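Commentary on secondary and tertiary structure
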Amino acid sequence: MTGASYLTGLIGAGIGPSLSPALHEREADRHGLRLLYRVIDIDRLGVGPEAVGELVRSAGALGFDGLNITHPCKQLVIGHLDELSPGAAALGAVNTVVFRDGRTIGHNTDVTGFAQSFARGLPGVPTGRVVQLGAGGAGAAVAHALLTLGTDRLALADTDHARAVALADALNAHFGPGRASALAGRDLAGRLARADGLVHATPTGMAGHPGLPLPAGLLRPGLWVAEVVYRPLDTELVRLARDLGCPTLDGGAMAVFQAADAFRLFTGLEPHPDLMLEDFADLVGAPTP
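Residues numbered from 1 in each chain as written. Predicted model: local features only at pLDDT ≥ 70, side-chain atom pairs only at ≥ 80, totals over all residues. Heavy atoms only, no water.

A word on the packing of aromatic side chains. On inspection of all chains with the given rule, the structure shows three aromatic pairs. For the pair Phe-114 and Phe-118, a centre-to-centre distance of 5.7 Å together with 35° between the ring planes defines the contact as tilted. Of the two residues, Phe-114 and Phe-118 are both situated in helix H5 (residues 110–121); the distance of four residues between them amounts to about one turn of the helix. Where Tyr-230 meets Phe-280, the ring centres are 5.9 Å apart and the plane angle is 55°; that geometry is what we call tilted. Remark: Phe-280 occurs in helix H11 (residues 273–284) and Tyr-230 occurs in the loop between strand E11 (224–227) and helix H9 (236–244); sequence separation between them is 50 residues. These aromatic residues form a ring-pair network of at least three members: Phe-114, Phe-118 and Trp-224. (Phe/Tyr/Trp six-rings, centres within 6.5 Å; stacked < 30°, edge-to-face > 60°. Helix = DSSP H or I, 4+ residues; strand = E, 2+ residues; numbered from the N terminus.)

Have a look at this one:
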């Protein structure tokens, strides 16, 4: 495969700080490939998320081999693709698009990415009752991963309550009745008081969206906290939870494992996730996640 070349990229909003280009290009170097990974930031382009379909079509016309898709386009892109993998269809969200023989095929590597990260970073924590903030594209993937990992009761909270209801309904249809429920804001405190863990899957905490996704007083030492945001790696939520003594999981390993799975889809080659974790740690100046 030495000498093969690939053109890939990432579509999303506020993605200038993304480490995806470096992660993919470093992994390609290990395989003797030429891989170019471009950032396509809709904020910089001055277009809205509804432009994702045109951007995907343009990328295909320009000879791209694949794209990653991130906030806020993971669900909007679906209507512009020719085919979905079974996993992406079940989720209703796509984070990876592969161009093959003139067709666009949508996949989702967030589910496996979060599952591998969780197993590595929070081994043995109780998962019976979990509260999740965020029911968008990333939230759908994380919810599927949690229920696959054995969560008995998953309570979903989202600023768009109808979106939380729709995701809960889809999860119950897939995993069985009663496994997921939509949580109204007024019920968050009571549910968290009885929960084993909290998962955060909204953009809050990203470089362009600083802050906490919930009142600080709702956190307590007995609660584990998992984050999907990785830029910055230490979000305000992770720092506060760690200071309280909560077991915490930052978004770094999820970013690496989903990138490894996407690399496999783009190139057909088996990635080296442990080395990619080392790359990530080098890029952020942190210990290996």
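Moving on, we come to the environment of Gly-252. Looking at the secondary structure, you find Gly-252 in helix H10 (residues 252–267). Taking relative accessible area as the criterion, Gly-252 reaches 0% and is therefore assigned buried. Distance in space between the C-alpha atoms of Gly-252 and Val-52 is 26 Å, their sequence separation being 200 residues. Here Gly-252 is in contact with Tyr-230, Leu-233 and Phe-280, once residues within four sequence places are set aside. (Buried < 20%, exposed > 50% of the residue type's maximum accessible area, 1.4 Å probe, protein only. Contact = heavy atoms within 4.5 Å.)

Our focus in this paragraph is the packing of helix H6 (residues 137–149) against helix H7 (residues 161–175). Taken N-terminus to C-terminus, the directions of H6 and H7 make an angle of 35°; their axes are 11 Å apart at the nearest point. Regarding H6 and H7, the two cross each other, and that crossing is right-handed. Contacts between H6 and H7 pair Gly-139, Ala-140, Ala-143, His-144, Leu-147 and Thr-148 from the former with Leu-167, Leu-171, His-174 and Phe-175 from the latter. When grouped by side-chain class, the residues that make up the contact of H6 with H7 number six nonpolar, four polar and no charged. (Axes fitted to C-alpha atoms, helices over the stretch in contact; angles between N-to-C directions. Left-handed = near helix turned anticlockwise from the far one by under 90°. Nonpolar A, V, L, I, M, F, W, Y, C, P; charged D, E, K, R; others polar.)

Running from N to C, helix H1 (residues 20–30) and H10 point in directions that differ by 55°, and their axes come no closer than 10 Å. Relative to H10, H1 is oriented oblique. Considering how the two elements wind past one another, H1 and H10 form a crossing that is right-handed. For the pair H1 and H10, the contacting residues are Leu-23, His-24, Glu-27 and Ala-28 in the first and Val-256, Ala-259, Ala-262, Phe-263 and Phe-266 in the second. Of the residues in the contact of H1 with H10, the class split is seven nonpolar, one polar and one charged. (Parallel < 35°, antiparallel > 145°, perpendicular 65-115°, else oblique.)

For the rest of this paragraph, the subject is the nonpolar core. Core analysis: the biggest nonpolar cluster contains 30 residues, and Phe-114, Leu-154, Leu-156, Leu-171, Val-199 and Trp-224 have the highest contact counts within it. Per-element accounting of this core gives the leading share, seven residues, to H6. The contact partners of Leu-156, leaving out residues within four places of it in the chain, are Gln-132, Ala-143, Ala-164, Leu-167, Ala-168, Leu-171, Ser-181, Ala-182 and Leu-183. Ranked by size, the runner-up nonpolar core spans 18 residues in total, among them Ile-42, Val-56, Leu-81 and Phe-99. (Core = buried A, V, L, I, M, F, W, Y, C linked by side-chain atoms within 4.5 Å.)

As defined by bridge partners, strand E1 (residues 5–12) adjoins strand E2 (residues 34–41) across eight bridges and the pair is classed as parallel. Its bridge partner being in E2, Leu-7 is matched across the sheet by Leu-36. With respect to chirality, the unit in which E1 leads through H1 into the neighbouring parallel E2 is right-handed. (Pairing = 2+ DSSP bridges. Right-handed = clockwise from strand over helix to strand, strands pointing away.)

Within the sequence span of H9, burial applies to Leu-237, Val-238 and Ala-241. Buried positions in H9, seen along its axis, are confined to an arc of 95° and lie on one side of it. At its buried positions, H9 is contacted by strand E10 (197–200), E11 and strand E12 (248–249). Note on H9: the residue one or two positions beyond its end, Gly-245, has a positive phi of about 95°. (Arc of directions from axis to C-beta.)

Scanning the entire structure with this criterion turns up twelve salt bridges. The partner of Arg-30 in a salt bridge is Glu-27, and the shortest N-O contact between them spans 2.7 Å. In this pair, Arg-30 and Glu-27 both sit in helix H1, three residues apart, roughly one turn of the helix. Classification of Glu-27 as buried rests on a relative accessible area of 0%. Across the pair Arg-242 and Asp-234 runs a salt bridge, and its minimum N-O distance is 2.8 Å. Overall, Arg-242 belongs to the partly exposed group, its relative accessible area being 39%. Residue Asp-234 is classed as partly exposed on the basis of its relative accessible area, which comes to 32%. Salt bridges linked by common partners bring Arg-26, Glu-27, Arg-30, Asp-279 and Asp-282 together as one network. (Salt bridge = Lys/Arg side-chain N within 4 Å of Asp/Glu carboxyl O.)

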